[in-house]
Amino acid sequence: MADKVWKGKRVTDLEGLLVDRLAEATGRERWSVFLDLDDILDHIAADADRRLAFQATHPVRGQ
């Protein structure tokens, strides 16, 4: 999921699994975990275009 959100993509199924696990681990309500995670992922994804543009200027080259 980290790779997807870093690129600005949201994957509902993966996010749902993470919300379930976090809710179970913390004892918090699922909806509360979802709201917090949604805010965090939105914040990370919002800067994806800038990160991808920077990455494109520094291509990985094989040796």
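As the structure is a computational prediction, the values presented were derived from the model and not from experiment.

Visitor: Mind laying out the overall build of the protein chain, listing which residues take part and the relevant values?
Guide: A count of helical and extended segments in the protein chain gives four helices and zero strands. By residue count, 19% of the 63 residues in the protein chain fall in the buried class. When contacts within the protein chain are restricted to residue pairs at least 6 apart in sequence, those whose partners lie at least 24 apart make up 47%. When the accessible surface of the protein chain is totalled, it reaches about 5100 Å², and 56% of it is carbon and sulfur.

Visitor: Report on the nonpolar core, specifying residues and quantitative values.
Guide: In terms of nonpolar packing, the biggest core is built from seven residues, these being Val-5, Val-19, Ala-23, Val-33, Leu-37, Leu-41 and Ala-45. When residues of this core are traced back to their parent elements, those giving at least two are α2 (12–26) and α3 (30–45). In terms of residues, this core owes the most to one element, α3, which gives four residues.

Procedures and definitions
- Residues numbered from 1 in each chain as written.
- Predicted model: local features only at pLDDT ≥ 70, side-chain atom pairs only at ≥ 80, totals over all residues.
- Heavy atoms only, no water.
- Helix = DSSP H or I, 4+ residues; strand = E, 2+ residues; numbered from the N terminus.
- Buried < 20%, exposed > 50% of the residue type's maximum accessible area, 1.4 Å probe, protein only.
- Contact = heavy atoms within 4.5 Å.
- Areas by Shrake-Rupley, 256 points an atom, 1.4 Å probe, with all protein chains shown as cover.
- Core = buried A, V, L, I, M, F, W, Y, C linked by side-chain atoms within 4.5 Å.

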